[in-house]
Amino acid sequence: MKKSLVRTLAGVALLGTLLSGCTPLIPRRQADYSEPSAECRAVYAPYANGDSRRPPDLGASACWQRSVESYPDAGYELVFTEFDDQGWTARSNSETVDRLESTLERLRQIQKRAGGQALSLVVYVHGWRHDASANDADVIEFRKLLHSLARQERMSSKGKQIVGLYVGWRGQSIDMPLIDTALTFWDRKATAERVASGSVRELFSRLDQWRDTLSNQDCTPSGTAQLATKDKNYSPGNCVHMLTLGHSMGGLIVLQSMSANMVRLASAAVENQASHQSQPGVANLSPYMPRQGDLVIVVNAALEGARHEALHQATRRHNLQYRRDQLPVLISVTSEADLATRVAFPAARILSTVLQPTPTRSQWRATVLTAGHDDRYLTHDLVKSSPSCTEMIKDEDKTPSTELLQAEKSQITRRVQEIRDGRSAADARHYGQEEHFCTGLTLKARPENWSPAGNPVWIVHTTKDVIENHGDIYNPHFLSFVRTVYGQIISVLNSSGGRDADNQRRSSTPPHASDAR
């Protein structure tokens, strides 16, 4: 009797401890998407560079509860949208505002206010143990990334307006570090899967459609977006560019919510090639895989390889022969030093899938491992090598120096010119075959797996000296890689004669309809 009572009391005490440590339900931000006041802009200003040594004090000002942070002097704006544990657009009990629609309307206002200046939208979906609070570590680091991109854009007379969209969800359910780490990974993964199948799909689809609609327009210096009526070699897409980033379970959300559309885009390349081969005079034209936004990058994604299989197969069917200037559509980077996805993830998957039939060893591995830890899927390696240009990073806060940003800019210009020159060269290398970056990183394709050459879906393996652990995605070396690849891609897509200009539009235009123009 006494033992039973002791066990009961211990259980009640443990439950009470867990409940007391539960994080509050979202949203973390109020549904206020209006222009920040001068008072709020003054509150935000000291935190524009994302210095993690000085997190904002949430109790000091109500400005930190707004869904828009504005940093005009730093050259960027940050918008927040959130989703609850069921994947619905988050809202408080008394709230009547449609947050998703308000988010999109705020982005439209920013684009119109830019007065003809192109807009670069960076979407970030955070992972496990994070949320949209102003002092969350990922929010702080995201400000730093936006600040570095804005600094780089200001080096050009035609620089783009930088806008960040932070997609929040309840990535942390218990605010007790040791217990949180031990008990909540799989609970939060299940939540991330619900978020991925919820309204975030509409958000990504609407953003993609908005970007595509404006890609038919030309942002002019006069501030008027006009329909592009230039010759057939003109590559539109000047008004809005979009980079989507996802980390950990945020990578799961990005990949799972975009999966069906990615397979559709890959299928378009297959059907385009089949159409080319069946028409006289166009058999020499190779397909381009259209893109979701301009580029999608996920890091240490907590998603089993089996969920990647459909896209893996779709990009390899029918002996596709991608153009030599085919650009990546999706880059998934996983570090071998990520113990969460390399050790904990497969251990739990082995237990949870023990009754699932897996007829082959490759299928079993895909079921228990993430794609980034399964050699069958790996297409590239990202490794440390000799710096190709001077590395200058401020050690105290890991902020990229002006010299580094300028070096990246020069490297972007040089590589873009090589891609343009190589469009008609039979011996030109595919983009992604081997690329070098300013902070000493080298990207190399695995010829046996990067099949066919030019495949726009990259599954990249990297090492501890590039990404040190599960959460080390904002280190300056890797962010330099992100800035450079994104910069190269949007520069190529904007260049006169960009070959995939028409293919970027996910319309029902029949093959070769654009050739008649």
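Before reading on, note that the structure itself is shown above.
Structural notes, computed from the coordinates. (Residues numbered from 1 in each chain as written. Predicted model: local features only at pLDDT ≥ 70, side-chain atom pairs only at ≥ 80, totals over all residues. Heavy atoms only, no water.)

On to the overall build of the protein, then. Summing up its helical and strand segments, the protein has 13 helices and 15 strands in all. Expressed as a percentage of its 517 residues, the buried residues of the protein come to 57%. Long-range pairs, those at least 24 residues apart, make up 79% of the contacts in the protein between residues at least 6 apart in sequence. Carbon and sulfur atoms provide 52% of the accessible area of the protein, an area that totals close to 22,000 Å². (Helix = DSSP H or I, 4+ residues; strand = E, 2+ residues; numbered from the N terminus. Buried < 20%, exposed > 50% of the residue type's maximum accessible area, 1.4 Å probe, protein only. Contact = heavy atoms within 4.5 Å. Areas by Shrake-Rupley, 256 points an atom, 1.4 Å probe, with all protein chains shown as cover.)

This next bit is on the nonpolar core. Counting 59 residues, the largest nonpolar core has Leu107, Leu121, Leu165, Leu203, Leu207, Ile253 and Met289 as its most contacted members. For this core, the leading source of residues is helix α8 (residues 249–277), giving ten residues. Contact partners of leucine 107, with chain neighbours within four places excluded, come to Val79, Leu121, Val163, Leu165, Leu207 and Trp210. Listed in part, the 58 residues of the second largest apolar core include Ala74, Val122, Leu327 and Leu479. (Core = buried A, V, L, I, M, F, W, Y, C linked by side-chain atoms within 4.5 Å.)

Bringing the environment of aspartate 208 into the picture now. Mapped onto the fold, aspartate 208 is located in helix α7 (residues 200–214). According to the relative accessible area criterion, aspartate 208 is buried, its value standing at 6%. Along the sequence, aspartate 208 and histidine 241 sit 33 residues apart, while their C-alpha atoms lie 9.8 Å from each other. Within the local environment of aspartate 208, its side chain forms a polar contact with the backbone nitrogen of glycine 293, the two atoms lying 2.8 Å apart. (Polar contact = N/O pair within 3.5 Å; in protein donor to acceptor, adjacent residues only side chain to side chain.)

Attention shifts here to helix α10 (residues 339–352). If you check α10, its first and last C-alpha atoms are 19 Å apart, about what 14 residues at 1.5 Å a residue would give, namely 20 Å. The largest bend along α10 reaches roughly 35° and is located at phenylalanine 345, with the proline proline 346 sitting one to four residues downstream. Taken together, the buried positions of α10 are occupied by Ala340, Thr341, Phe345, Pro346, Ala348 and Arg349. Lining the buried residues of α10 we find α6 (185–196), β9 (330–335) and α11 (361–368). Of the residues flanking the start of α10, the one acting as N-cap is aspartate 338, its side-chain oxygen 3.2 Å from the backbone nitrogen of alanine 340. (Expected span 1.5 Å × (residues − 1). Bend = angle between axes of the 7 residues up to and from the residue.)

Residue proline 452 is bonded to the preceding serine 451 through a cis peptide linkage, with omega at -10°. Phi is positive for serine 248, close to 60°, though the residue is something other than glycine. If you trace the backbone, serine 248 turns up in the loop between β7 (240–247) and α8. In this structure, asparagine 300 takes a positive phi of about 50° despite not being glycine. For asparagine 300, the position within the fold is in the loop between β8 (295–299) and α9 (309–314).

A packed helix pair is summarised by two numbers, namely the angle formed by the two axes and the spacing between the axes. Their axes nearest at 10 Å, the elements helix α4 (residues 137–153) and helix α12 (residues 402–421) cross at an angle of 65°. What the angle tells us is that α4 and α12 run roughly perpendicular. For the crossing formed where α4 meets α12, the hand is right-handed. Contacts between α4 and α12 involve Ser148, Arg151, Gln152 and Glu153 on the former and, on the latter, Thr402, Leu405, Glu408 and Lys409. Considered class by class, the residues forming the contact of α4 with α12 number one nonpolar, three polar and four charged. (Axes fitted to C-alpha atoms, helices over the stretch in contact; angles between N-to-C directions. Parallel < 35°, antiparallel > 145°, perpendicular 65-115°, else oblique. Left-handed = near helix turned anticlockwise from the far one by under 90°. Nonpolar A, V, L, I, M, F, W, Y, C, P; charged D, E, K, R; others polar.)

All right, on to the pattern of salt bridges then. Counting across every chain of the model gives 32 salt bridges. Notably, a salt bridge pairs arginine 415 with glutamate 418, separated by 3.3 Å at the nearest N-O pair. Remark: glutamate 418 and arginine 415 occur in helix α12; sequence separation between them is three residues, near one turn of the helix. Of the residues examined, arginine 415 reaches a relative accessible area of 8% and is grouped as buried. We classify glutamate 418 as partly exposed; its relative accessible area is 39%. Residues joined in a network through salt bridges with shared partners are Glu101, Glu105, Arg108, Glu202 and Arg206. (Salt bridge = Lys/Arg side-chain N within 4 Å of Asp/Glu carboxyl O.)

Before going further, it helps to spend a moment on the packing of aromatic side chains. Taken as a whole and judged by the stated rule, the model has 14 aromatic pairs. When the ring of tyrosine 71 is compared with that of tyrosine 76, the centres are 4.7 Å apart and the planes differ by 25°; the resulting orientation is stacked. Taken as a pair, tyrosine 71 and tyrosine 76 share a single burial class, namely buried. A network of ring pairs unites the aromatic residues Tyr44, Tyr47, Trp64, Tyr71 and Tyr76 as a single cluster. Directly above the ring of phenylalanine 80 sits arginine 29, whose terminal nitrogen or CZ lies 3.6 Å from the centroid. Sitting above the plane of the tyrosine 47 ring, arginine 54 keeps its charged end 5.5 Å from the centroid. (Phe/Tyr/Trp six-rings, centres within 6.5 Å; stacked < 30°, edge-to-face > 60°. Lys NZ or Arg CZ within 6 Å of the ring centre and 35° of its normal.)

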